[in-house]
Amino acid sequence: MPLSETWPPPDAAETAPETVPPLVPELSQLMIHLLKGVLYRDDDERLWVSLLRLQARVREQAAVLLLELVLDEAEGHAFLKSRPEADESDGAPRLPRLVARRPLSYPVSLMLALLRKRLAEFDADGGEGVGTRLVLSREEIAELLRVFLPEGSNEARLIDQVDATIAKVADLGFLRRLKSTGASTSPAAQSPAHYEVRRILKAFVDAQWLADFEARLAGYRTALSDAKAPGAARAPARENADV
């Protein structure tokens, strides 16, 4: 029998899906952006408006990947996070996480906690400064850390550690380096580096995480004070934590 008489089958129209959701290019753009990182309203106003309009569709697509959308309209950011893992006692299979948890070194955890506290103080003061943005210089960030370092710490080593920790925190998306306003190309003539503390830090470092870390900081301060006494053991330098 010729192919033209057998294809397509007579009942093809009956077996085809009744309704297919229309393709929305903005939905694809949103999912790709959110899977790569945080969406900020200030960075892409057009895409933010699309998210508000299509958030139900975004939540449906995210649920397929065992993710959920966290949308904060007041702060102006959105991101995807893993859903709580199923209880193994229920016999549910343990599925791989699409968004992995990464352990943080003690310096990074310390900087996140200090920046979170500084952001809370900034908000309590009415958000004075550049709009609602908290902007700190590298020197101000270093000063936040200085109190937790042993007396007599080498200044050059301190700055190197601060720069390395700032770079890691920026890589995590909690700090953003602002463009220098200096017109000169000479490094000596340019204005000091300034960083914006991204407000999404509030979503990751919640009150419970901060309280737990502050309890560990209290122990660290005690160890640091003991370390200053002659013949005392050195205070711990690192501790792991998760955001």
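Provided above is the structure to which this section pertains.
Bear in mind that the values here come from a model prediction, so they are computed numbers and not experimental data.

The rules behind each value
Residues numbered from 1 in each chain as written. Predicted model: local features only at pLDDT ≥ 70, side-chain atom pairs only at ≥ 80, totals over all residues. Heavy atoms only, no water. Buried < 20%, exposed > 50% of the residue type's maximum accessible area, 1.4 Å probe, protein only. Helix = DSSP H or I, 4+ residues; strand = E, 2+ residues; numbered from the N terminus. Arc of directions from axis to C-beta. Contact = heavy atoms within 4.5 Å. Pairing = 2+ DSSP bridges. Axes fitted to C-alpha atoms, helices over the stretch in contact; angles between N-to-C directions. Phe/Tyr/Trp six-rings, centres within 6.5 Å; stacked < 30°, edge-to-face > 60°.

Caption draft 1: Seen up close, helix α6 (residues 138-146). The set of residues buried in α6 consists of Ile-141, Ala-142 and Leu-145. On an axial view of α6, the arc spanned by its buried residues comes to 100°, and they lie on one face. Looking at the buried side of α6, the elements it contacts are α5 (106-124), β5 (134-137), α7 (155-171), β6 (175-177) and β7 (194-197).

Caption draft 2: Region of the structure containing the sheet that holds β5. Pairing within the open sheet is antiparallel, and its 3 strands lie in the order β5-β7-β6. Lying at the two open borders of the sheet, with one neighbouring strand each, are β5 and β6. If you compare each strand with its neighbour and ignore which way they point, the axes differ by 30° on average. Strand direction decides the pairing type here: β6 and β7, joined by 3 bridges, are antiparallel. Note that in β7 the partner of Arg-176 across the bridge is Glu-196. Lying over the sheet, α5 contacts β5, β6 and β7, oriented at roughly 130° with respect to β5. The strands touched by α6 within the sheet are β5, β6 and β7, with β5 carrying the most contacts at an inclination of about 85°.

Caption draft 3: Representation of the side chain of Arg-198 in the model. Within the fold, Arg-198 resides in the loop between β7 and α8 (201-204). On the accessibility criterion, Arg-198 (9% relative accessible area) is buried. In this structure Arg-198 touches Tyr-40, Asp-43, Gly-173, Phe-174, Leu-175 and Arg-176, once residues within four positions along its chain are discounted.

Caption draft 4: Main features of the sheet that holds strand β3 (residues 77-82). Strand order across the open sheet formed by 3 strands is β1-β3-β2, with antiparallel pairing between neighbours. The open sheet has two free edges, formed respectively by β1 (39-40) and β2 (67-72), since each of these has just one partner strand. As judged from the 6 bridges shared by β2 and β3, these two strands associate in the antiparallel manner. If you follow Leu-69 over to β3, its bridge partner there is Leu-80. Across the sheet, helix α3 (residues 25-36) is in contact with β1, β2 and β3; its angle to β3 comes to roughly 70°. With respect to the sheet, helix α4 (residues 45-64) is in contact with β1, β2 and β3, its orientation differing from that of β2 by roughly 155°.

Caption draft 5: Representation of the packing of aromatic side chains. For the structure shown, the criterion picks out 2 aromatic pairs. Summarising the aromatic geometry, the rings of Phe-174 and Phe-204 are spaced 5.4 Å apart at their centres and angled 70° between planes, so their arrangement reads as edge-to-face. Note that Phe-174 is positioned in the loop between α7 and β6 and Phe-204 in helix α8, a separation of 30 residues in sequence. By relative accessible area, Phe-204 is classed as partly exposed at 29%. One aromatic cluster is present, built from ring pairs that chain together Phe-79, Phe-174 and Phe-204.

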